[in-house]
There are 2 protein chains.
Amino acid sequence: MINVAVSGLGNLGKYAIEALESTTDMQCVGVIRRPESLGTRQLDLRGVPDFDSAESMERAVGKPDVMILCCPSRKVCEEAEFYLSRGYNTVDSFDIHSEISSTVKRVHEFAIKANRASIISAGWDPGTDSVLRAYFEAMAPVGTTFTNFGRGRSMGHSVAAKAIKGVKDAVSITIPMGGGRHSRLVYVVLESGETLSAVTERIKADNYFAHDPLQVCEVADSQALEFVSDASHGVLLERTGGFGSVSNQQFKFDMRINNPALTSQILVSCARAVTRMAAGAYTMIDVPPVHLLAGERFNIIEKLV
Amino acid sequence: MINVAVSGLGNLGKYAIEALESTTDMQCVGVIRRPESLGTRQLDLRGVPDFDSAESMERAVGKPDVMILCCPSRKVCEEAEFYLSRGYNTVDSFDIHSEISSTVKRVHEFAIKANRASIISAGWDPGTDSVLRAYFEAMAPVGTTFTNFGRGRSMGHSVAAKAIKGVKDAVSITIPMGGGRHSRLVYVVLESGETLSAVTERIKADNYFAHDPLQVCEVADSQALEFVSDASHGVLLERTGGFGSVSNQQFKFDMRINNPALTSQILVSCARAVTRMAAGAYTMIDVPPVHLLAGERFNIIEKLV
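Just so it is clear, the model here is predicted, and its values are computed rather than measured. (Residues numbered from 1 in each chain as written. Chains lettered and ligands numbered in written order. Predicted model: local features only at pLDDT ≥ 70, side-chain atom pairs only at ≥ 80, totals over all residues. Heavy atoms only, no water.)

1. Overview of the packing of helix α1 (residues 11-21) of chain B against helix α10 (residues 259-274) of chain B
Residue and element names in this part refer to chain B.
- One can describe the packing of α1 onto α10 by two numbers: an axis separation of 8 Å at closest approach and a directional angle of 55°. Overall, the two elements α1 and α10 adopt an arrangement that is oblique. The handedness of the crossing between α1 and α10 comes out as right-handed. Contacts between α1 and α10 involve N11, L12, Y15, A16, A19 and L20 from the former and P260, A261, T263, S264, Q265, L267 and V268 from the latter.
- Class assignment of the residues belonging to the contact of α1 with α10 gives a composition of 9 nonpolar, 4 polar and no charged. (Axes fitted to C-alpha atoms, helices over the stretch in contact; angles between N-to-C directions. Helix = DSSP H or I, 4+ residues; strand = E, 2+ residues; numbered from the N terminus. Parallel < 35°, antiparallel > 145°, perpendicular 65-115°, else oblique. Left-handed = near helix turned anticlockwise from the far one by under 90°. Contact = heavy atoms within 4.5 Å. Nonpolar A, V, L, I, M, F, W, Y, C, P; charged D, E, K, R; others polar.)

2. What about the interface of chain B and chain A?
- With 64 residues of chain B in contact, the opposing surface of chain A contributes 64 residues.
- Roughly 5,400 Å² is buried in total at the junction of chain B and chain A, and carbon and sulfur atoms are behind 65% of that figure.
- Where chain B meets chain A, there are 4 salt bridges.
- D286(A) is the salt-bridge partner of R297(B), the closest N and O atoms lying 2.9 Å from each other.
- Those elements that provide at least two residues to the side of chain B that touches chain A are α1, α5 (100-114), α6 (128-139), β13 (246-258), α10, β14 (280-282) and α11 (297-304) of chain B.
- The dominant element in the side of chain B that touches chain A, judged by the number of residues it contributes, is β13(B), at 12 residues.
- Taken together, the residues of the side of chain B that touches chain A sort by class into 38 nonpolar, 14 polar and 12 charged.
- Here 7 bridges tie strand β13 (residues 246-258) of chain A to β13(B), and the two strands are oriented antiparallel to one another. Pairing of Q250(A) across the sheet is with R256(B), part of β13(B). (Buried area = accessible area lost by both parts, 1.4 Å probe. Salt bridge = Lys/Arg side-chain N within 4 Å of Asp/Glu carboxyl O. Pairing = 2+ DSSP bridges.)

3. Some words on the packing of aromatic side chains
- Here the structure, examined in full by the defined rule, presents 11 aromatic pairs over all chains.
- Between F82(A) and Y83(A), the ring centres sit 4.9 Å apart and the planes meet at 80°, which makes this aromatic pair edge-to-face.
- A relative accessible area of 4% means that Y83(A) is categorised as buried.
- Among the aromatic residues, those joined into a ring-pair cluster are F82(A), Y83(A) and Y88(A).
- A cation sits over an aromatic face here: K105(A) above F298(B), 4.5 Å from the ring centre.
- The ring of F298(A) has R297(A) sitting right over it, with the charged end atom 5.0 Å from the ring centre. (Phe/Tyr/Trp six-rings, centres within 6.5 Å; stacked < 30°, edge-to-face > 60°. Buried < 20%, exposed > 50% of the residue type's maximum accessible area, 1.4 Å probe, protein only. Lys NZ or Arg CZ within 6 Å of the ring centre and 35° of its normal.)

4. Observations concerning the sheet that holds strand β6 (residues 117-119) of chain B
All names here are of chain B.
- Pairing is parallel across the open sheet formed by 7 strands, whose spatial order is β3-β2-β1-β4-β5-β6-β14. Edge positions in the sheet fall to β3 (50-51) and β14, since each of these pairs with one other strand and no more.
- Its contacts with the sheet place α10 against β1 (2-7), β2 (26-32), β4 (66-69), β5 (89-92) and β6, and it is angled at close to 155° to β5.

5. What to know about the nonpolar core
- Ranked by internal contacts, the top residues of the largest apolar core, which has 168 residues, are I68(A), F253(A), I68(B) and F253(B).
- Apart from residues lying up to four places away in sequence, I68(A) is in contact with V4(A), A5(A), V6(A), S7(A), L20(A), V91(A), L267(A), V268(A) and A271(A). (Core = buried A, V, L, I, M, F, W, Y, C linked by side-chain atoms within 4.5 Å.)

6. Description of the side chain of S73(B)
Residues and elements named next belong to chain B.
- Examined against the element boundaries, S73 turns out to sit in the loop between β4 and α4 (76-85).
- What makes S73 buried here is its relative accessible area of 15%.
- Of the polar contacts made by the side chain of S73, one reaches the side chain of D95; its length is 2.8 Å.
- Ignoring sequence-local partners within four residues, the contact set of S73 consists of S93, F94, D95 and I96. (Polar contact = N/O pair within 3.5 Å; in protein donor to acceptor, adjacent residues only side chain to side chain.)

7. What about the confidence of the model for chain A?
Residue and element names in this part refer to chain A.
- Across chain A, the average pLDDT comes to 97, with 100% of residues at or above 70.
- Least confident of the elements in chain A is helix α7 (residues 155-162), whose mean pLDDT is 91; most confident is strand β6 (residues 117-119), at 99.
- At the level of chain-chain contacts, confidence expressed as ipTM amounts to 0.97, with global pTM at 0.97. (pLDDT = per-residue confidence, 0-100.)

8. Examining the pattern of salt bridges
All names here are of chain A.
- Applying the stated criterion to the full structure yields 35 salt bridges over all chains.
- We note a salt bridge from E194 to R202, for which the minimum N-O separation is 3.2 Å.
- The partly exposed category is assigned to E194, whose relative accessible area is 22%.
- By relative accessible area, which is 27% here, R202 ends up partly exposed.
- In this structure, a network of salt bridges that share partners links the residues E55, E58, K63 and R86.

9. Overview of the sheet that holds strand β11 (residues 214-218) of chain A
All names here are of chain A.
- The mixed open sheet is built from 4 strands, whose spatial order is β8-β9-β10-β11. Looking at strand neighbours, the two that pair on one side only are β8 (152-153) and β11, the edges of this open sheet.
- Two elements, β8 and strand β9 (residues 167-178), share 2 bridges in a ladder whose sense is antiparallel. Bridging from a neighbouring strand, R153 pairs with I173 of β9.
- With respect to the sheet, helix α8 (residues 196-205) is in contact with β9, β10 (181-190) and β11, its orientation differing from that of β11 by roughly 145°.

10. Notes on helix α8 (residues 196-205) of chain B
Residues and elements named next belong to chain B.
- Within α8 the residues assigned to the buried category are V199, T200 and I203. The buried residues of α8 occupy an angular sector of 105° when projected down its axis, which confines them to one face. Turned more than 90 degrees away from the buried face of α8 sit S197 and A205, all of them exposed.
- Lining the buried residues of α8 we find β9 (167-178), β10 (181-190) and β11 (214-218). (Arc of directions from axis to C-beta.)

11. Thoughts on the pairing of β11(A)
All names here are of chain A.
- Two elements, β10 and β11, share 5 bridges in a ladder whose sense is parallel. Residue pairing across strands places L185 opposite Q215, the latter belonging to β11.
- Taken together, β10, α8 and β11 constitute a β-α-β crossover, and its handedness is right-handed. (Right-handed = clockwise from strand over helix to strand, strands pointing away.)

12. Some words on the relation of the copies chain B and chain A
- Once turned by 180° and shifted 0.0 Å along the axis, chain B lies on chain A with an RMSD of 0.1 Å. Between the two chains, the operation in question is that of a two-fold axis.
- Both copies contact each other with a shared surface, as 100% of the interface residues of chain B are interface residues in chain A too. (Least-squares fit on C-alpha atoms with pLDDT ≥ 70 in both.)

Structural data, given as structure tokens:
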């Protein structure tokens, strides 16, 4: 039995607890939360005890084998270092693509020093999409892969829109246009006295939005925002390519999913995998697929290969 | 530079040479063929020297790092043992699903004894489809995966149809019916004096065909058979599933390809990977995806993750 703990009880933490409950080889021994939140959201905790620190968790239930970091990407390095140094393996869904490589290098040092393993960017993009892009290249080395996101709510763009002057609240929807290009549909609640046209111009000028077609729509309040999108998301990965005289090898991966639920499930599968890796920091392309699954290797070969 | 040799110059061997030619980190140093074939099919050899034995190849070009076995599945064990014991790593596209597990166990012993590595069943099914089935389970542990093959020519069923009494030559096409079920469309050239209805009954009685809807069509001769199907094939892998309260996570992988060309490309990517594996026998679910690709790990992370 692999003992797993969760850091944070947002959407990811909540689904991670539920995904752990569905396994036969892992159990969730505790959740670390802010002291002021302790004991709230009993339904999301599903009977798992919550603690305000690693120390108090260890006193009550011992050291877990793995900590699933359900924190914002900006806190991943710090939390990974903290929990690795306490002797836990860690997994996270760090999603700032341009900083994955440097994050792996930093966390690798912490992991080697602690003789533990860490899987960085365990989610769907980065994550399983990255793995598929790797296989697509291995299957057709010459060609172009398009990653078409959506339709779905983009967390990064929603946060960026909320930070714009005159915007009280916002949700940004990503809509695929083909060829790996996207348009943005942003729903905003305006601060009083602001006009939609002025706010639209400011959003258009923001680096997050400047490069894509944009439409901004006003809604009355935050409650109305909750009705413009649920947690559904998706991706269409496409590659057409070949090698030498071989052309027109065509690959498509199409996925329609509950976004945080899938990320949490992948975190949980990677929590299993990380206990099977040598000390160091990894991304999902470094992890043998068989490590993600419960059960004996030869049973998996007989069932799936 | 990884030195690779190829055993056999059928469709797979021919495409493997071409796929190797398209890499920057591998080169094809020789092809082992039957003595009576030596020097023929210059176009397929693409300037690569052919030899009638491992001994003569080693005398001329030295020991390769990897041997790609482009032989029938039934000969894989024997050839793997032979080349592993000579100190080569090996890859093959062994495709008898029910015997993969036992083949891995047997070849593992040869590989450990020789301190070399072997990747078994490196193709698309078994192979990359197996890997995708593993990821689909890791992403949605509860659910059903359907593997829908085709439309394309089935080598196994074509060989089985040719072996039926009264059949001079045959091609069997696999047509997907959904839900992982398939119908068979068999084109036959009859022996003189045979009737289509008698031959159809015999094909229907064969274990290869007894479980699926079947249609048998007569064509005049083997030349006409060549016009009923090319090398195109494909698969649609589908999974709908979830965990706990999460349902309706939907995954689809759709691929349309030149069949032997894709198998050979995957063999070549696995020839690269096998040089990065510890001694032993593996299938593709045991291989970290990053090992399949040329170049530095951190460059790959920056480009694909």
